[in-house]
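# Analysis of the macromolecular model
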Amino acid sequence: MSIAILYNPEIQNYDFGLGHAFRGDRFVSFFQAYQEVFGADGDFKVIRHEELAWDEDLRLLHTPDYINILKAASLADEEPDDLNWPFLGYANRSEWGPKVGPSRQSLSVYVSQDNLDPATGRLPAGIEKAARAVVKNSMLAVDTVQQGRAEKAVGIGGGLHHAKAGYGEGFCIYNDVVIAGRHARKAYGLERILILDTDAHAGNGTCEAFYDDPQVLYIDLHQAGIYPGTGAAEEIGSGAGKGFTVNVPLVSGTGDGDYERIFDEIIIPLAREFRPQLIIRYGGSDPHFADSLTSLGLTMAGFEMIGAKMRQLAGELCVGCCVDLLCSGYTPEILPRAWLSLIAGLSGKTIQWPQPLSEPVYQRAAETEAVIRQVKTILQPYWKCMA
Ligand SMILES: [Zn+2]
């Protein structure tokens, strides 16, 4: 088996409710499309499991306060008898206390408005458990590759890059990327991990966690000027980690060819000089030109190109191994195709779509040239390849 697709069905409950941009049905529609496209291909294997992250895992990034309040808020609407109290860190139901979550006021210190169900103004019941499933799934993707059980591992639901140590925002409860990266270091002693964020939004949580860390080269391509507002080219890390954070802010309409240039002129040279022992890429379909929350310019061919570049880098630097995490995307008709295009590129396959989309070509050549120059100038003191 060369590509493992990891999924815990619990992740379907990672759903902020009716009227919210992030719904759990994305995973159902992805697997329907997956079945049609790659279901009979022996190079892929879907690994379903029921494992959840423990508090100890979450504490690789998150504070105990944050974990406890999210747990309580998410449990408040559930039937107590159904819960596995010892797993949740309580001896029994009575030790946990009354069936009420934290007040809205106390919860607002820990989560942003966009992490709540728009209909109820509360944290959706059960979402904390689903977020644990996401974290464990991304950790298992690392294990799968590090233990040689598959060459490449795709974690469905991973890439919740806006969550911080004590704060959840941008539809992200627990930051599975940071935890999976730290798990790779702790469990396998890795010293150089490349994390590439191709989600349309800047990965503020991931960036913050590794900002002073020279063992993680964090490269982030994102649309400038939208949520969360971070990710300027000048943000390059601090202390020993200076030069190990690389932000490439893109103008709206940045297209396939522009992305390819950034891979060829920035990402691939930096990766070669850094020599990662593990590569983790994440980000779903939101850089597609038709995404409803963003205005970048990728087409399906662009997603396939990104997958193919990851395949090339993994082949050259990590004996073919890499981890890929997929969760974002806010146009339901686009999402499964874009995820599958990324997987196709990653696995060296081409998809013959029964109904191909006709997609316009976007290009922002001058702006892309300018940002490449800017990033190279800023990084020149830290990397030979940027000279
Ligand atoms: Zn995004």
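The coordinates are above.
Calculation criteria
- Every chain begins its residue count from 1, and numbering advances along the sequence as written.
- Given that this is a predicted model, residues contribute local features only at a pLDDT of at least 70 and side-chain atom pairs are listed and counted only at 80 or more, while totals for whole chains, interfaces and linings are drawn from all residues.
- Derived side-chain values reflect all non-hydrogen atoms in the structure, with water molecules and hydrogen atoms excluded from consideration.
- Lines fitted to the C-alpha atoms define the axes, with helices restricted to the stretch that makes contact. Angles between their N-to-C directions range from 0 to 180 degrees.
- We count a stretch as a helix when DSSP gives it H or I for four or more residues in a row; a strand needs E for two or more, and each element gets its number in order from the N terminus.
- Oblique is the label for every angle not falling under 35 degrees (roughly parallel), over 145 degrees (roughly antiparallel), or within 65 to 115 degrees (roughly perpendicular).
- Left-handed describes a crossing whose near helix is turned anticlockwise from the far helix through less than a right angle; right-handed describes the clockwise counterpart.
- In this analysis, two residues are considered to be in contact whenever any of their non-hydrogen atoms come within 4.5 Å of each other.
- Any Phe, Tyr or Trp ring, taking Trp's six-membered ring, that has another such ring centre within 6.5 Å forms a pair; planes under 30 degrees apart are called stacked, those over 60 apart edge-to-face, and the others tilted.
- Relative accessibility thresholds used throughout: buried, under 20% of the residue-type maximum; exposed, over 50%; partly exposed, between the two (1.4 Å probe, protein chains only).
- By definition here, charges over rings are those cases where NZ of Lys or CZ of Arg is within 6 Å of the ring centre and within 35 degrees of the ring normal.
- Between any two strands, pairing holds if DSSP finds at least two bridges.

So, about the packing of helix α6 (residues 127-146) against helix α7 (residues 176-188). When two helices pack together, their arrangement is given by the angle between the helix axes and by the axis-to-axis distance. It is at 9 Å that the axes of α6 and α7 come closest, and there the two elements cross at 40°. By the criterion of interaxial angle, the relationship of α6 to α7 is oblique. Seen along the crossing, α6 lies across α7 with a hand that is right-handed. Residues V134, V135, S138, M139, V142, D143 and Q146 of α6 form the contact with α7, whose participating residues are D176, I179, A180, H183, A184 and Y188.

In this structure the tally under the stated criterion is 22 aromatic pairs. Ring centres 6.2 Å apart and planes at 50° place the aromatic pair F27 and W339 in the tilted group. With F27 in helix α1 (residues 25-38) and W339 in helix α11 (residues 335-347), this residue pair connects regions lying 312 residues apart in the sequence. Just as F27 is buried, W339 falls in that class too. Plain terms: the ring middles of F244 and W383 are 5.4 Å apart, the flat faces sit at 70° to each other, and that makes the pair edge-to-face. Placement of the pair is F244 in the loop between β5 (216-223) and β6 (245-250) and W383 in the segment after α12 (365-379), with a sequence separation of 139 residues. Each member of the pair, F244 as well as W383, is classed as buried. Chaining the aromatic ring pairs together yields one cluster made of Y7, F27, F30, F31, Y34, F38, F44 and W339. Lying across the ring of F22, R26 places its NZ or CZ 3.8 Å from the centre.

Another aspect to go through is the sheet that holds strand β7 (residues 278-282). The strands making up a sheet associate through backbone hydrogen bonding, with each pair oriented either parallel or antiparallel. Pairing is parallel in the open sheet, where eight strands are placed in the order β2-β1-β3-β8-β7-β4-β5-β6. What marks the edges here is a single partner per strand, and that holds for β2 (44-48) and β6. Averaged over neighbouring strand pairs, the angle between their axes works out to 15° when direction is ignored. Pairing of strand β3 (residues 152-156) with strand β8 (residues 322-326), which is carried by five bridges, proceeds in the parallel orientation. Opposite A153, over in β8, you have V323 as the bridge partner. Contacts from α1 reach β1 (3-7), β2 and β3 within the one sheet, and its direction differs from that of β2 by about 150°. Each of β3, β4 (193-197), β7 and β8 is contacted by helix α10 (residues 300-317), which is oriented at about 175° to β7, the strand it contacts most.

All quantities given are derived from atomic positions and should not be read as evidence of function.
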